[in-house]
Amino acid sequence: MNSLPPWSMSVSPQMRIAAGTFTPDEGATDSEAVPPGLKLAFLLEGMLDLNLGDGRALSIAGRSLSLFLGRGEWRLDHYFPTQPTLRYLTLHLDADMVEDVLMPLRGDGVDYKSAAPSPAMEALVRQMLLPPLPGIAGRLYLAGKGLELAGLALDKLYRQRSSASPCLLSPAEVQRLRQLRELLDANPLAGNNLAQLARLAALNQRKMTDGFRQLFGCTIAEHIRNRRLVAARNMLEQGASVTQAADAAGYTLAHFTHAFRRHFGFNPGRLCLKAC
């Protein structure tokens, strides 16, 4: 994977973008004061825990899109329980721009939504991850891409949830879902029978699937796929062939190469340490 050192730029008085790749220290924490407006966070690789400052705790992993809509200044705390490499892009639009271009800001607090990014969003993020061009050309390029990215994200998140009722989780249900995720992380190559997983989590299937997406920002199937790809990457780094890694992850070779490239941004053969 190409290293993309973190960078941050105010592309206009109303828009700020930060992006790059870095490996945090295990157990590291960070806190930021977020001004009013819209914050989009795209994670292409890695994992972290977030606290919105109002008691809501979130876990983000793999390919994910997170949207935060704040009516006033708020705090976002980051915690890195492991030492993964994170590849990310964040975009912030100030409150005036959100009101003028996107939507009215009403009420109090922070609105949070999450989903897996679409292929079109991923393509934009990968383009914007590159170090920006200098001067006004770079700012104009990023401003245009940023608005396009915000439009795609808002369309996906608000359209897909406009008719869905919120999934309200009790503390006990949150704990069960966290335990379920730990089980999946410990054995990512296990099956993903939803009925069986619901029995293990002591939740009905709808509550489990909706709650998992709400809490972790992806479906159970997406999480299992992401963990299998990470496990396959570990096998490659330890000397396995691409064919062995594909078999272990439950893919045909062609599908594995495509899924691996989409997830990590490069072909698995790059990590193959022996003849494949």
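Our structure's up above, just so we're on the same page.
A brief look at the structure comes next.

What counts, and where the lines are drawn
- Residues numbered from 1 in each chain as written.
- Predicted model: local features only at pLDDT ≥ 70, side-chain atom pairs only at ≥ 80, totals over all residues.
- Heavy atoms only, no water.
- Salt bridge = Lys/Arg side-chain N within 4 Å of Asp/Glu carboxyl O.
- Helix = DSSP H or I, 4+ residues; strand = E, 2+ residues; numbered from the N terminus.
- Buried < 20%, exposed > 50% of the residue type's maximum accessible area, 1.4 Å probe, protein only.
- Phe/Tyr/Trp six-rings, centres within 6.5 Å; stacked < 30°, edge-to-face > 60°.
- Arc of directions from axis to C-beta.
- Core = buried A, V, L, I, M, F, W, Y, C linked by side-chain atoms within 4.5 Å.
- Contact = heavy atoms within 4.5 Å.

1. As for the pattern of salt bridges
Move 1: Counted according to the given criterion, the structure contains 10 salt bridges.
Move 2: The salt bridge involving R63 is made with E122; its shortest N-O contact spans 2.5 Å. Placement of R63 in the loop between β6 (57-61) and β7 (64-70) and of E122 in helix α2 (residues 119-129) is noted, with a sequence separation of 59 residues between them. Like E122, R63 is buried.
Move 3: When salt bridges with common partners are traced through the structure, they connect E45, R87, R233 and E237 into a single cluster.

2. A few points about the packing of aromatic side chains
Move 1: In total, this model carries six aromatic pairs according to the counting rule given.
Move 2: Both rings, one in F22 and one in F80, keep their centres 6.1 Å apart while their planes meet at 85°; by these two values the pair is edge-to-face. Placement of the pair is F22 in strand β2 (residues 15-22) and F80 in strand β8 (residues 74-80), with a sequence separation of 58 residues.
Move 3: Take F22: its relative accessible area is 29%, and that puts it in the partly exposed class.
Move 4: Taking the relative accessible area as the measure of exposure, F80 reaches 7% and is therefore buried.

3. Some thoughts on α2
Move 1: Listed in full, the buried residues belonging to α2 are M121, E122, L124, V125, M128 and L129. Along the axis of α2, the buried positions cluster into a sector of 160°, meaning they face one direction only.

4. Quick look at the nonpolar core
Move 1: Among the nonpolar cores identified, the biggest contains 31 residues, and I17, L38, L40, F42, L89, L93 and L149 are the most heavily contacted of them.
Move 2: For this core, the element with the highest residue contribution is helix α3 (residues 135-161), accounting for seven residues.
Move 3: Not counting residues up to four positions away in its chain, the partners in contact with F42 are S64, L65, R87, Y88, L89, P117, M121, V125, L149 and A153.
Move 4: Counting residues in each nonpolar core, the second largest holds 16 residues, with V34, L48, L50 and Y88 among its members.

Read these as geometric descriptors, not functional statements.
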